[in-house]
Amino acid sequence: MRKKTFYIICWTLGALIPIVNAQPAFRTETLDNHIQTLRVSEAGQWDSAPVIDLNSDKQIEILFDALGASPGHYTYRILHCNADWTPSQLTEGEYLSGLQNHLVDDYASSFNTRMDYINYRLLLPNEDVNFKVSGNYVVQIISGETGKAVVNACFSLIEPQASIRMYVSAITDKGSNSKYQAVSFEAGYGNDIKTPVQELKVYVQQNNRFDNAAVNVKPLNVQNRKALYDHRPALIFEAGNEYRSFEMTTTRYAGLNIESVEYYSPYYHSILRPDPIRSNRAYSFYEDINGRVVIRNNETDDPNTGADYQFVHFYLPCEKPFSENVYILSEAFHNLLDARSQMEYSERDKGYLKTALLKEGYYNYMYVTQKEASAPASTASIEGNYYQTENEYRVMIYARTMGMRYDKLIGVQTIRFK
């Protein structure tokens, strides 16, 4: 019965959920249903944050697929952003050298796949454009047919001026070795910073999430050109649980956590095993990649063009629906909690269902609940919170000194709690 329900939901591409972007700040996301598998990272480093040094020889790599057999006409424009990812006051000439609106001309057609697509690749900086200042940037991919943005791809450039010593502990102001993890760090800054409490802007993320990020955190104290961030309520995070995983790399057999692979012309469907609620279970460690996705296929040397698309069916058994919305938290959905990642409760199937069109590969994901869009999501009800959980935390320090009109990025540090 559950399978039948799923198939009705996503028999054709036309059944994909329309995307509505109501966020005031830019986020990495696709804005058109026919654009899939958007990835942004340091070139050649799939598991890296999209952060590189200003004026270095490194590049940001942006990859995405456009469904269909024929190449489209896509251009790109680049915007500079504040620390909170809203557009900055800088003019184009102040943050960019070179010309905008160039074609995205590095593309290749899918090969031997049931779903046709064109894989596009953009490297920045390149011979056409370069960057003058550090901070946050968003690349918008523009469709030549509609003139509208179909992709927002966010990345950051750093000019290192701050030294960061970072720690994570399960001993927190909310309890010791219980449900939480606390981040603390010391940030050394240069002589340009005169009033650090006002001039520094500090953001901390857990596993690349935005919903529960610590925003514009203030230091506990400042002395000897160092700012100490400790015992800050915003820096205490739910510990969560290790991410769930599934591996969809072939149609010849069912991979990790896949119950069956079934063919309904013209596409394949991977039916995941029912995911039990883990909040009432003992903690169990296993390796994960903290919500990330690795695109791959066993039958191709180039997964960018050789990995196929399948409809993936998620099922979270639950006798009664939660009072809050339920979402799938994963890089597969850009770690955003919206219509694409939200699950629907089925009285018929006694559980939450979700069907998603995904490219073959290895996926990490977990289930979270959220009461309202402005509140952080919680792992408590479904995944549970265990202080032993391995999590990744990233500190990003921005500065805006007297007379500056933008937030420069002066320090980035990532640490894993194990």
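Rules behind the numbers
- Residues numbered from 1 in each chain as written.
- Predicted model: local features only at pLDDT ≥ 70, side-chain atom pairs only at ≥ 80, totals over all residues.
- Heavy atoms only, no water.
- Disulfide = S-S within 2.5 Å.
- Pairing = 2+ DSSP bridges.
- Helix = DSSP H or I, 4+ residues; strand = E, 2+ residues; numbered from the N terminus.
- Axes fitted to C-alpha atoms, helices over the stretch in contact; angles between N-to-C directions.
- Core = buried A, V, L, I, M, F, W, Y, C linked by side-chain atoms within 4.5 Å.
- Buried < 20%, exposed > 50% of the residue type's maximum accessible area, 1.4 Å probe, protein only.
- Contact = heavy atoms within 4.5 Å.
- Salt bridge = Lys/Arg side-chain N within 4 Å of Asp/Glu carboxyl O.

### Concerning the state of the cysteines
Link 1 in the chain: Under the defined criterion, the tally for this structure stands at 0 disulfides.
Link 2 in the chain: The thiol sulfur of Cys-81 is not disulfide-bonded, and the nearest other cysteine sulfur, from Cys-154, lies at 6.5 Å.

### Regarding the sheet that holds strand E25 (residues 309-317)
Link 1 in the chain: Reading across from one edge, E22-E23-E25-E28-E27 is the order of the 5 strands in this open sheet, with mixed pairing throughout. In this open sheet, the two strands that pair with only one neighbour each are strand E22 (258-264) and strand E27 (344-346). The sheet shows a mean angle of 30 degrees between the axes of neighbouring strands, direction not considered.
Link 2 in the chain: Where E22 and strand E23 (residues 267-272) come together, 6 bridges link them in antiparallel fashion. Within E23, the residue paired with Glu-262 across the bridge is His-269.

### Thoughts on the nonpolar core
Link 1 in the chain: In terms of nonpolar packing, the biggest core is built from 33 residues, with Leu-124, Val-139 and Ile-141 touching the most fellow members.
Link 2 in the chain: Counting residues per element, the ones that place at least two in this core are strand E2 (35-42), strand E4 (60-67), strand E5 (74-81), strand E9 (117-124), strand E10 (129-131), strand E11 (135-143) and strand E12 (149-158).
Link 3 in the chain: Sorting elements by how many residues they give to this core places E12 first, with 5 residues.
Link 4 in the chain: What Leu-124 contacts, discounting residues up to four positions off in sequence, is Ile-52, Gln-59, Ile-60, Ile-62, Tyr-76, Ile-78, Val-129, Phe-131, Val-139 and Phe-155.
Link 5 in the chain: By size, the runner-up hydrophobic cluster in this structure holds 25 residues, among which are Ile-164, Leu-200, Val-217 and Ile-410.

### Topic: the pattern of salt bridges
Link 1 in the chain: Inspection of the entire model under this criterion finds 20 salt bridges.
Link 2 in the chain: Here Asp-275 makes a salt bridge to Arg-244, at a shortest N to O gap of 3.6 Å. Taken as a pair, Asp-275 in the loop between E23 and strand E24 (293-295) and Arg-244 in strand E21 (residues 244-248) lie far apart in primary sequence, 31 residues in all. Summarising the burial analysis for this pair, Asp-275 and Arg-244 share the class buried.
Link 3 in the chain: Linking Glu-247 and Arg-296 is a salt bridge whose minimum nitrogen-to-oxygen distance equals 2.3 Å. In this pair, Glu-247 is assigned in strand E21 and Arg-296 in the loop between E24 and helix H4 (303-306), connecting sequence segments 49 residues apart.
Link 4 in the chain: By relative accessible area, Glu-247 is classed as partly exposed at 23%.

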